[in-house]
Amino acid sequence: MPRHQLSLRTKLIYAAPALPLAMLGLPLLVILPDFWAGPMHMNLVTVGFVLTAVRIFDVIVDPAIGRFSDLSQSRFGRRKPFMAVAMPVAAVGAIGLFFPPHGAGAVWLFVFYALVTWGWTALSLPYWAWGAELSDDYTERQRITSLREGGTIIGILISAIAPVALGITSHVGQAHLLSLLTIGLATPFVLLALLRVRDPLPIRRAAPAGLRATLGLLAANAPFRRLILAWAVNGLANGLPAALILIVFDQILHAPKASGPLLLVYFAAGVLSVPLWLKASARIGKHLTWAGAMAMSGIAFAFVPAILHVPHVLILFGIISVFTGAGLGADFTIPPAIQADVVDVDEAASGEQRAGIYFAAATMAQKAGNALAPGLAFPVLGLVGFSTRGGNDLAQDATLMVLYCGIPATLKLVAAAIMWRFPIDRAAQQELRATIAAQA
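This write-up is about the structure you can find in this document.

So, how was this worked out
Residues numbered from 1 in each chain as written. Predicted model: local features only at pLDDT ≥ 70, side-chain atom pairs only at ≥ 80, totals over all residues. Heavy atoms only, no water. Helix = DSSP H or I, 4+ residues; strand = E, 2+ residues; numbered from the N terminus. Expected span 1.5 Å × (residues − 1). Bend = angle between axes of the 7 residues up to and from the residue. Polar contact = N/O pair within 3.5 Å; in protein donor to acceptor, adjacent residues only side chain to side chain. Salt bridge = Lys/Arg side-chain N within 4 Å of Asp/Glu carboxyl O. Buried < 20%, exposed > 50% of the residue type's maximum accessible area, 1.4 Å probe, protein only. Core = buried A, V, L, I, M, F, W, Y, C linked by side-chain atoms within 4.5 Å. Contact = heavy atoms within 4.5 Å.

Glancing now at helix 17 (residues 394-420). Under the 1.5 Å per step criterion, the end-to-end length of helix 17 is 37 Å for 27 residues, consistent within 8% with the ideal 39 Å. Helix geometry: helix 17 is bent most strongly at V402, by close to 45°. The N-cap residue of helix 17 is D393: its side-chain oxygen and the backbone nitrogen of A395 are 3.2 Å apart.

Right under this line is the structure:
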């Protein structure tokens, strides 16, 4: 049965959980290592080893959850049962992680970090796959992901602003606030979505393929390969500035306190740009819109070295942040909608509806790009002798700027070129849906 337009109310209810889910990112990525190495008095090397050990298992956990949610059958749907179970698991993990007992050690950290990490994965992967299955329509898919990922960016903004607004400066207080706020908002939002938004049951046209056949079909899906490559390249392009921005403000701009307001400008531009990208996608297509947004961000990044030694550098940096932040809005909202179209290619070829495994693969590509960023940047800075305490020469500062904006600008343009001739536009997607309908 075709699935086209949804009411705005339904789309908002579906999108609502994205806001609190995004709020957990700041405490997990930024606050957690300092929390356990500081107040919990754990050796920083041990903290890093434990966190890395948990994330290594993502190679198994992510595709397993994606595939199991594709294969599951229940009267509640495929995706909802996973989310219903994962929500309390992630909540317990967050409480144990940020409210540990005195003397909690490496085993405690591993167990509760695994619970929150894998619980979040078991919640988010079925959630994203669910969104891809809510509509068959090319533009409606973009509306769904725009609302959901707009909520993601707002959640990131709240996580950055809330502690400052409440005067909470310690990392312990920030971790407590954001973990409780995440759980307090996620519980009713997820519950409301589970109760009020349908989880379409798949139309079985073929017996489920085995693991080897499934991986073979993924590898043979040419649009998927192109999208995943662009996603990974763009993830590295976004990860490098994210890893280095505080160092740039401190050592190059000599204005560490300006980082907060300018990051606010960056994320606010991301939120405000979402309706513009939605209109552009409906007019010229999703892949061309995303390619144009990445090219815009790359060009904006390329201007950073030119403004470093001119008057009002922070104002000019803010203008650049508007353009790169707007590009972030496209990065969040457009690729998941394209991913839904890529899944149609697989469904037309295999007779299965398995968005879960596709979103698992996309998540792993993004993680790889983001994880590679600090793994590339910090060793290179160490090789040239760059010091975060200052006293760097021109060559060392130049290396930092190449890593912060030169390489990202180039990677953005490369990712834009990859997507420029992407084969699935509106007409191609409609042909795919016609083929799928004929197989029913």
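Bringing the pattern of salt bridges into the picture now. Under the defined criterion, the tally for this structure stands at 17 salt bridges. Of the charged contacts in the structure, one is a salt bridge between E140 and R143, with a shortest N-O distance of 2.6 Å. Separated by 3 residues within a single helix, E140 and R143 lie in helix 8 (residues 138-165), roughly one turn from each other. What makes E140 buried here is its relative accessible area of 0%.

Further remarks concern the nonpolar core. Counting 94 residues, the largest nonpolar core has W130, W290, Y404 and M419 as its most contacted members. Examining the composition of this core, we find that 14 residues originate from one element, helix 11 (residues 222-251), more than from any other. Look past the residues within four positions of W130 in its chain and what remains in contact with it is Y14, R79, K80, M83, A193, L194, V197, R198, D199 and P200. Counting 25 residues, the second-largest nonpolar core is a separate cluster that includes L32, F35, V116 and A175.

Another aspect to go through is the side chain of K11. Here K11 lies in helix 1 (residues 8-15). Using a relative accessible area of 8% as the deciding quantity, one classes K11 as buried. Not counting chain neighbours up to four residues away, the residues in contact with K11 comprise L6, E140, R143, I144 and L147.

Geometric descriptors of this kind do not, in isolation, establish any biological role.
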